[in-house]
Amino acid sequence: MTLLFADTSALYAAADRRESRHDPCREAYEQALRAGQTLVTTELVIAELHALAVRRSYPDAALEIVRRLTTAARVEVATVGSTRMASAIDLLAARPGRPYSLADAVSFVVMRERGIDRALTLDMDFQAEGFDVLPAD
């Protein structure tokens, strides 16, 4: 089973036709599913996605985006828990001056734990951490 990490920025762009990177994000998302990949994300990414969609759209649309994502057959939502949270905080402490969010740090921890080397994201912090990113620029 091939795993692909899904981050807030690309998930939102794939869902909202008004986003400038909608087409490449939507295509990368759909191509991953057609190829039988499982998309892995975290509870924090889902929370970020909902907050972003509420701000840029409507509460009902935001709810529909996260409902579809969290009930999709090949989407796995990793729980954070205290161990992953502590590991993410340690990661942030080891990179002083890097403007990573805690949600991204948890994502990096999950990716390393699961052996995931690619992320569906528009956030170049994933690339800075050594991961490949989709869609390519």
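Preceding this paragraph is the structure being described.
A brief report on the enclosed structure follows. Residue numbers restart at each chain and count upward from 1, following the sequence in its written direction. Thresholds applied to this predicted model are a pLDDT of at least 70 for local features of residues and 80 or more for the giving and counting of side-chain atom pairs; totals over whole chains, interfaces and linings are not thresholded and use all residues. Hydrogens and water are ignored here; the side-chain numbers use all heavy atoms of the structure.

## Details of the environment of Val77
Now for step 1: Runs of E in the DSSP output that reach at least two residues are strands. Runs of H or I that reach at least four are helices, and both are numbered from the N terminus. Mapped onto the elements, Val77 comes out in strand E3 (residues 75-78).
Now for step 2: Sequence separation of Val77 and Glu43 is 34 residues, and the distance between their C-alpha atoms is 6.1 Å.
Now for step 3: Apart from residues lying up to four places away in sequence, Val77 is in contact with Thr41, Thr42, Glu43, Ile46 and Thr70. For this analysis, residues touch if any pair of their heavy atoms sits within 4.5 Å.

## What to know about the pairing of strand E1 (residues 3-6)
In regular strands, side chains alternate between the two faces of the sheet.
Now for step 1: Only protein chains enter the calculation, and the probe is 1.4 Å; a residue is then buried if its accessible area is under 20% of its type maximum, exposed if over 50%, and partly exposed in between. Taking every second residue as pointing to the same face, both faces of E1 are buried, with Leu3 and Phe5 on one and Leu4 and Ala6 on the other.
Now for step 2: Strands pair, by our definition, only if DSSP identifies at least two bridges between them. Here E1 runs beside strand E2 (residues 38-42); their pairing, made up of three bridges, is parallel. Residue pairing for E2: Leu3 is matched across the bridge by Thr38.
Now for step 3: In terms of strand pairing, E1 meets strand E4 (residues 118-120) through two bridges, oriented parallel. Along E4, the bridge assignment pairs Ala6 with Leu120.

## Quick word on the side chain of Gln37
Now for step 1: Along the chain, the position of Gln37 falls in the loop between helix H2 (22-34) and E2.
Now for step 2: When its relative accessible area of 11% is taken as the criterion, Gln37 is described as buried.
Now for step 3: At a separation of 3.4 Å, a polar atom in the side chain of Gln37 contacts the side chain of Arg118. Throughout this description, a polar contact denotes any pair of N or O atoms lying within 3.5 Å of each other; where both atoms belong to protein, one of them has to be capable of donating a hydrogen while the other can accept it, and for residues adjacent in sequence the pair is counted only when both atoms sit in side chains.

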